[in-house]
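The primary structure of each chain is shown beneath.
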Amino acid sequence: MPAAAAAPIIRCVQKLVLYETRARFFVVGRNHAETKYRVLKIDRTEPTDLVIIDDKHVYTQQEVRELLGRLDLGNRTKVGQKGSSGLSRAVSAFGVVGFVRFLEGYYIVLITKRRKMADIGGHAIYKIEDTNMIYIPNDTVRITHPDEARYLRIFQNVDLSSNFYFSYSYDLSHSLQYNLTILRMPLEILKTETTQTRQESFDIFEDEGLTAQGGSGVFGICSEPYKKYVWNGQLLDIVKNTVHHDWLLYVIHGFCGQSKLLIYGRPVHVTLIARRSSKFAGTRFLKRGANSEGDVANEVETEQILCDASVMSFSAGSYSSYVQVRGSVPLYWSQDISTMMPKPPITLDQADPFAHIAALHFDQMLQRFGSPIIILNLVKEREKRKHERILSEELVGAVTYLNQFLPPEHAIVYIPWDMAKYTKSKLCNVLDRLNVIAESVVKKTGFFVNRPDSYCSILRPDEKWNELGGFVVPTGRLQTGVLRTNCVDCLDRTNTAQFMVGKCALAYQLYSLGLIDKPNLQFDTDAVRLFEELYEDHGDTLSLQYGGSQLVHRVKTYRKIAPWTQHSKDIMQTLSRYYSNAFSDADRQDSINLFLGVFQPAEGKPHLWELPTDFYLHHKNTMSLSQTRRSYTYWWTRGVLNHLPLPYDEVTCTENRRKLIVKKFHKYEEEIDIHNEFFRPYELSSFDDTFCLAMTNSIRDFMPKNVGIDPSPFTVRKPDETGKSVVGNKSNREETVLQRKTAASAPPPPSEEAVSSSSEDDSGTDKEDEGAVSQRSTPVKMTDTGDNIKITENIVQSMKDIYGINLSDVPSEDDFTIYTRFVQLGQNQHKQDKSSQQLCSKHHLDGVINIIHISSFSQDNIYEVQPPKVDKKSIDIFHAHIQAGRGTMQPLVKEDILMYREYIRNRYM
């Protein structure tokens, strides 16, 4: 790491232990290396208030042991008593979700189990597996309330073990582009923003001049999270200004998945992160449209990250990302579910002639993503009974009104496309049309990559690459603008459209990292199959959170290759979604409102279950009038247009700098050293802990297992040729043999286009292996023994499967003549060693010709290799290693002594 670089700050509290006495809780948190500790003191004598004391001191392991020993000794009932301890260990945890209060005292919510889900540049992303709620006040001061238990059950209905994620060092609420942009801020700005908050302590190595050796000079940066995507912000607000920021662990809700794409052995990680908005959050029919602040229902920001896993560093590695958004139509609209209809009628609740709500929503998007904002509207345009078309007509009017005040180059782009109509048509291919839209969208927005264009793209320029939009900087490219996709529910159609756009962006990302020669990816390749599986998991997860069931229509459905069994699954998912919307969504909505702090219980107020509607909780303008009225013409935030197409949130300005915490660290300190954080080189580590992340692999899970198959993940394969289906089903062996018999006389297989547009039902059942299905070999042998005909299976693999080419039994006459002339040339041009001939005759190898080269080649050729040249420093290191093995140690130089002293200082002082 360079002497004056920037790195994310790693939180020092990664594991904690909760100790309890009769009067207090003591929360002891430590970092991964167990070198730095912090202590929180929580008072248990207050029945309704939360009293937390953080001395902001960083303890060593020895100091914490002495502190706990004194606390244990001081809280015993009798002096010198050893039978009962005064300090007991209550629970171990990995982080604090927050503090919550209903009608009695406060609870503390702790993460007790976690699972690593992804890794981005060495920064681990964890999923919450289990939590524990502990009541803080002592039983002697507890004031009971009859409704406390019911509120507790409602709060715990939000399953924190279901798709909640956190990281100690990576800001999950922001995009990768934002996180890497703030790390590249100019050093002059970082120096002015540096806050001297490190505690001053005596340094025994101060006289050694360690600072003069370049020991200090690394800036650590920590940014404020984006509140919209943080789900425990309300739970941490009460202690935000009291405790050190290392205790504040922000949690997002949505989806996180990572897969490994192996390109001839080179590992590339494909990560998909979905952030669900905590504003106007809820379930399908109970949250539609937008609230009074421009927050829409079912708003999810999906980011796909591509990184070269062979280099684990934000400064030296190659990273690329692309962001797109889904969300409900930003209007005042709803659906009445009291009629118990599968499709309740859509109603516009309020007239908005000046598009006030849409203006607030698109203003947020301009600040976060820049321009252009592209809307892909997938709702129906032609209907016998006006239903979805109501939303389209209103949205077109709102966008037209807002665009007349924006500069033309930054106008909102509106793309209407009736996806359901094209799906029913037999003449149109839905995914082909979506691919055209995706190409135009990615060309307008561009994508993020943290390295300049490859030299090969300059030598062999691609037409599509030259037309790419975005913002080009010396260090790479920035995505400017975003695609916003919506249908009515923003589930099935939206997920397929986002997959097609993501597939197009993935091709550009792979091309930018120099992994493919053209920015194109085709279906039925291992890379696209891996990406499709990742997106389907992403779609199922988001659909369960909002709609109560998994996806009904998938990518295979729109490709028209889904098996016939998929139709019955679609029917079951539809029934599951209908049941969830009718019977369980109301309880889930109450739980979300309570968890996010939208409703806060209090004495004298109606209870949550007594409210007829939560409309007033989510629309603040119904409870109080705003003191300032926004302009109907200048509807954007001041300063946003000055920096377009760049997003205002990523611009280096005074307002954004206030959101950063910048500290200066020594280059060996663990708060910024992600290498030591991940590998822990000074301790004994197990492979299970270091490599605990098991992810989908393109070679293991998707590439066929046949010998001779092209290992490239960009090779088009047959739909039934994946690694999961090639294994086959042994119980169907006889049926497979009969099918092979008919396959020998069947016409040749259809082309890739025909396969992709036909149903998967006609493609046959699972195959045993690729060699047995090959029509170029003879898979079935017919032997006639009298009147009986026996069918035997040829279990020997063909030459095509083993070597990748077909070898004939006898070479042709022309090939034999060419080979004979080649042998004669070799005999005439080279001499034969008589001694070797005599040796060969003894072993009956007279036909073997020993060829000796007579050309004046250099020594480094196929016959002998010149030893490599080794520099003097490497030879000295090797000799020192040999001497150390014999017991003779070399004297330490000054650099070794300084490094050892620095290790001791960081480790034990």
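Everything below is about the structure shown above.
Residues numbered from 1 in each chain as written. Predicted model: local features only at pLDDT ≥ 70, side-chain atom pairs only at ≥ 80, totals over all residues. Heavy atoms only, no water.

**Student:** What is the right way to read the overall build of the protein from this model?
**Tutor:** Of the regular secondary structure elements, the protein holds 30 helices and 27 strands. Relative to its 909 residues, the protein shows a buried fraction of 49%. Long-range pairs, those at least 24 residues apart, make up 72% of the contacts in the protein between residues at least 6 apart in sequence. In the form shown here, the protein has an accessible surface area of approximately 47100 Å², with 54% of it arising from carbon and sulfur atoms. (Helix = DSSP H or I, 4+ residues; strand = E, 2+ residues; numbered from the N terminus. Buried < 20%, exposed > 50% of the residue type's maximum accessible area, 1.4 Å probe, protein only. Contact = heavy atoms within 4.5 Å. Areas by Shrake-Rupley, 256 points an atom, 1.4 Å probe, with all protein chains shown as cover.)

**Student:** Any chance you could explain a positive patch on the surface here in plain terms?
**Tutor:** A grouping of Lys 343, Lys 384, Arg 385 and Lys 424 is seen on the molecular surface, where their side chains present a positively charged patch. Note that Lys 424 resides in helix H8 (residues 419–424). (Patch = residues over 30% accessible without salt bridge, like charges linked within 9 Å, V, L, I, M, F, W, Y side chains within 5 Å. Salt bridge = Lys/Arg side-chain N within 4 Å of Asp/Glu carboxyl O. Lys, Arg positive; Asp, Glu negative; His and termini not counted. Charge placed at Lys NZ, Arg CZ, Asp CG, Glu CD.)

**Student:** In this structure, what is going on with the pattern of salt bridges? I would like to understand it.
**Tutor:** Opposite charge on two side chains permits pairing when their charged atoms draw close. Here the structure, examined in full by the defined rule, presents 33 salt bridges. A salt bridge links Asp 363 to Arg 630; the nearest nitrogen and oxygen atoms lie 3.2 Å apart. Of this pair, Asp 363 sits in helix H6 (residues 356–369) while Arg 630 is found in the loop between helix H16 (615–618) and helix H17 (640–643), placing the two residues 267 residues apart along the sequence. Classification of Asp 363 as buried rests on a relative accessible area of 3%. On the basis of relative accessible area, Arg 630 is assigned to the partly exposed category, the value being 31%. Taking the shortest distance from any N to any O, the salt bridge between Arg 717 and Asp 526 comes out at 3.0 Å.

**Student:** Explanation requested: H6 in the structure shown.
**Tutor:** The α-helix advances 3.6 residues per turn, and as a result positions three or four apart in sequence lie on the same side. Taking 1.5 Å of rise per residue, the 14 residues of H6 would be expected to cover 20 Å, and the 20 Å separating its terminal C-alpha atoms lies within 8% of that figure. Of all 14 residues in H6, 12 are buried; the element is thus mostly enclosed. Here H6 has its buried residues at Ile 357, Ala 358, Ala 359, Leu 360, His 361, Phe 362, Asp 363, Gln 364, Met 365, Leu 366, Arg 368 and Phe 369. Contacts from the buried residues of H6 go to strand E14 (300–308), strand E15 (319–326), strand E18 (373–377), helix H7 (389–403), strand E23 (482–486) and H17. (Expected span 1.5 Å × (residues − 1).)

**Student:** Can you help me understand the nonpolar core in this one?
**Tutor:** Note that soluble globular proteins tend to have their nonpolar side chains buried in a common cluster. Grouped together as the largest cluster of nonpolar side chains are 55 residues, with contacts concentrated most on Tyr 322, Leu 434, Val 442, Phe 499 and Leu 510. Broken down by secondary-structure element, the contributors of at least two residues to this core are strand E12 (252–263), strand E13 (266–276), E14, E18, helix H9 (430–445), helix H12 (492–512), helix H13 (526–546) and helix H14 (555–559). Per element, the largest residue contribution to this core is 11 residues, and it comes from H12. Within the second largest apolar cluster, 33 residues are counted, among which are Val 323, Val 329, Phe 369 and Leu 391. (Core = buried A, V, L, I, M, F, W, Y, C linked by side-chain atoms within 4.5 Å.)

**Student:** Sorry, what's going on with a nonpolar patch on the surface here?
**Tutor:** On the surface, a nonpolar cluster with roughly 370 Å² of combined accessible area is contributed by Tyr 455, Ile 458 and Leu 459. For Leu 459, the position within the fold is in helix H10 (residues 455–459). Judged by its relative accessible area of 52%, Leu 459 falls in the exposed class.

**Student:** Teacher, can you tell me more about the packing of aromatic side chains here?
**Tutor:** Applying the stated criterion to the full structure yields 28 aromatic pairs. Centre to centre, the rings of Tyr 226 and Tyr 229 are 5.6 Å apart; their planes meet at 35°, and the pair counts as tilted. For the pair Tyr 226 and Tyr 229, one class covers both residues: buried. Put simply, the rings of Phe 102, Tyr 107, Tyr 135, Tyr 151, Phe 155, Phe 164, Trp 231, Phe 595 and Trp 609 touch in pairs and so form one group of aromatic residues. The cationic tip of Arg 114 hangs over the ring face of Tyr 126; the distance from NZ or CZ to the ring centre is 4.3 Å. Sitting over the face of the ring of Phe 523, Lys 503 holds its NZ or CZ atom 5.0 Å from the ring centroid. (Phe/Tyr/Trp six-rings, centres within 6.5 Å; stacked < 30°, edge-to-face > 60°. Lys NZ or Arg CZ within 6 Å of the ring centre and 35° of its normal.)

**Student:** Got a minute to help me understand the state of the cysteines in this structure?
**Tutor:** What we call a disulfide is simply a covalent bond connecting the sulfur atoms of a pair of cysteines. Enumeration over the complete set of coordinates arrives at 0 disulfides. Residue Cys 490 stays outside any disulfide, its sulfur separated by 5.0 Å from that of Cys 487, the closest cysteine. (Disulfide = S-S within 2.5 Å.)

**Student:** Teacher, can you tell me more about the sheet that holds strand E3 (residues 24–30) here?
**Tutor:** Adjacent strands of a sheet form backbone hydrogen bonds with each other and so pair up, either parallel or antiparallel. Read from one edge of the open sheet, 5 strands run E5-E4-E3-E2-E6, paired in antiparallel fashion. Either end of the sheet is taken by a strand with one partner, and the two such strands are strand E5 (52–54) and strand E6 (88–93). Ignoring strand direction, the axes of neighbouring strands in this sheet form an average angle of 20°. Here E3 runs beside strand E4 (residues 37–43); their pairing, made up of 7 bridges, is antiparallel. What sits directly across from Phe 26, in E4, is Lys 41. (Pairing = 2+ DSSP bridges. Axes fitted to C-alpha atoms, helices over the stretch in contact; angles between N-to-C directions.)

**Student:** Looking at this structure, how should I read the packing of H9 against H12?
**Tutor:** The geometry of a pair of packed helices is captured by two quantities: the angle between their axes and the separation between those axes. Closest axis-to-axis distance for the H9/H12 pair is 9 Å, and the angle between their directions is 55°. Viewed along their axes, H9 and H12 adopt a mutual orientation that is oblique. Note on packing geometry: the crossing formed by H9 with H12 is right-handed. Of H12, the residues touching H9 (which contributes Leu 431, Leu 434, Asn 435, Ala 438, Glu 439, Val 442 and Lys 443) are Thr 496, Ala 497, Met 500, Val 501, Lys 503, Cys 504, Ala 505 and Tyr 508. A breakdown of the residues in the contact of H9 with H12 according to their chemical character gives 10 nonpolar, 2 polar and 3 charged. (Parallel < 35°, antiparallel > 145°, perpendicular 65-115°, else oblique. Left-handed = near helix turned anticlockwise from the far one by under 90°. Nonpolar A, V, L, I, M, F, W, Y, C, P; charged D, E, K, R; others polar.)

**Student:** Sorry, what's going on with the packing of H12 against H13 here?
**Tutor:** Orientation of H12 relative to H13, taken along the N-to-C sense of each, is 145°, at an axis distance of 10 Å. Relative to H13, H12 is oriented so that their crossing is right-handed. Facing H12, whose interface residues are Asn 495, Gln 498, Phe 499, Gly 502, Lys 503 and Leu 506, H13 presents Val 528, Phe 531, Glu 532, Tyr 535, His 538 and Gly 539. Considering only residue class, the contact of H12 with H13 consists of 5 nonpolar, 5 polar and 2 charged.

**Student:** Help me understand helix H1 (residues 61–74) in this model?
**Tutor:** Given a rise of 1.5 Å per residue, 14 residues ought to cover 20 Å, and the 20 Å separating the end C-alpha atoms of H1 matches this to within 8%. For H1, every residue scored as buried is listed here: Val 64, Leu 67, Leu 68, Leu 71 and Asp 72. Within H1, the buried residues cover an arc of 135° as seen down the axis, which keeps them to one side. Of the exposed residues in H1, those oriented more than 90 degrees away from the buried face are Arg 65, Arg 70, Leu 73 and Gly 74. (Arc of directions from axis to C-beta.)

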